[in-house]
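As a plain string of letters, each chain reads:
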Amino acid sequence: MAAKTLTWHFEGVLAQHRIGTGRGPAYLLDASYAPVQVLLYAGTATHADEVVIDIKADGVTIFQHQPNLVVKLARSVSKDVKLPRLPKGTLITLDLVSIVSGAEDLTVKLDLI
């Protein structure tokens, strides 16, 4: 079970949201944590929906191989995080890199232990 979960939610059709850095809330960690998984969930999605996001710690991606996740269908989970521990005071932000879909109601969760 996660000690802390950071959540971003984008209501409505995603194509109406602007692509760019620092979308949604920014989080300042109150203690040291290790990221363990990222969950993306679209309330409405089809097999063709694709959304690319990036989560950053102090401006640096937390992903090992590719700095994004792709949502196909309604749910996607990644355990491909590269930072073993994020120190207290780290600023966590989310970037909307690409929205190529009619998906709706995207929720992104970052689980930390």
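Look up a bit, the structure's there.
Now for a description of the structure that goes with this document. (Residues numbered from 1 in each chain as written. Predicted model: local features only at pLDDT ≥ 70, side-chain atom pairs only at ≥ 80, totals over all residues. Heavy atoms only, no water.)

## Remarks on the pairing of strand 9 (residues 104-112)
What counts is decided by this rule: Paired strands are those between which DSSP finds at least two bridges. Where helices and strands are cited, they refer to DSSP runs of H or I of at least four residues and of E of at least two residues respectively, numbered from the N terminus.
Both strand 1 (residues 4-13) and strand 9 contribute to a ladder of 8 bridges, which runs antiparallel. Across the sheet, Thr-5 pairs through a bridge with Asp-111, a residue of strand 9. With 8 bridges joining them, strand 3 (residues 35-44) and strand 9 adopt antiparallel strand pairing. By the bridge assignment, Leu-39 is partnered in strand 9 with Lys-109.

## Examining the packing of aromatic side chains
Short version of the rule: Ring pairs are drawn from Phe, Tyr and Trp, using the six-membered ring of Trp, whenever the two centres fall within 6.5 Å, and their geometry is named by plane angle: stacked under 30 degrees, edge-to-face over 60, tilted for the rest. Burial status follows relative accessibility: with a 1.4 Å probe on protein chains alone, a residue under 20% of its type maximum counts as buried, one over 50% as exposed, and anything between as partly exposed.
Counted according to the given criterion, the structure contains 1 aromatic pair. A centroid spacing of 5.3 Å and a plane angle of 85 degrees characterise the contact between Trp-8 and Tyr-27, whose relative ring orientation is edge-to-face. Here Trp-8 is found in strand 1, whereas its partner Tyr-27 is found in strand 2 (residues 27-28), with 19 residues between them in sequence. A residue is classified by how much of its surface remains accessible, and Trp-8, at 0% relative accessible area, is buried. In this structure Tyr-27 comes out as partly exposed when scored by relative accessible area, which is 22%.

## A look at unusual backbone geometry
Backbone geometry at Asp-58 places phi at a positive 50 degrees, although glycine is not the residue there. With respect to the helices, strands and loops of the structure, Asp-58 is situated in the loop between strand 4 (51-57) and strand 5 (60-61). Accessibility expressed as a relative area gives 51% for Asp-58, which makes it exposed. Positioned with a positive phi, Asp-105 is a non-glycine residue whose angle comes to about 55 degrees. Mapped onto the secondary structure, Asp-105 falls in strand 9.

## Concerning the pattern of salt bridges
Under the convention used in this document: We define a salt bridge as a contact between a side-chain nitrogen of Lys or Arg and a carboxyl oxygen of Asp or Glu at a distance within 4 Å.
Following the criterion strictly, the structure yields 2 salt bridges and no others. Among the ionic pairs, Lys-4 bridges to Asp-30, the shortest N-O distance being 3.6 Å. Note that Lys-4 is positioned in strand 1 and Asp-30 in the loop between strand 2 and strand 3, a separation of 26 residues in sequence. With relative accessibility at 44%, the residue Asp-30 sits in the partly exposed group.

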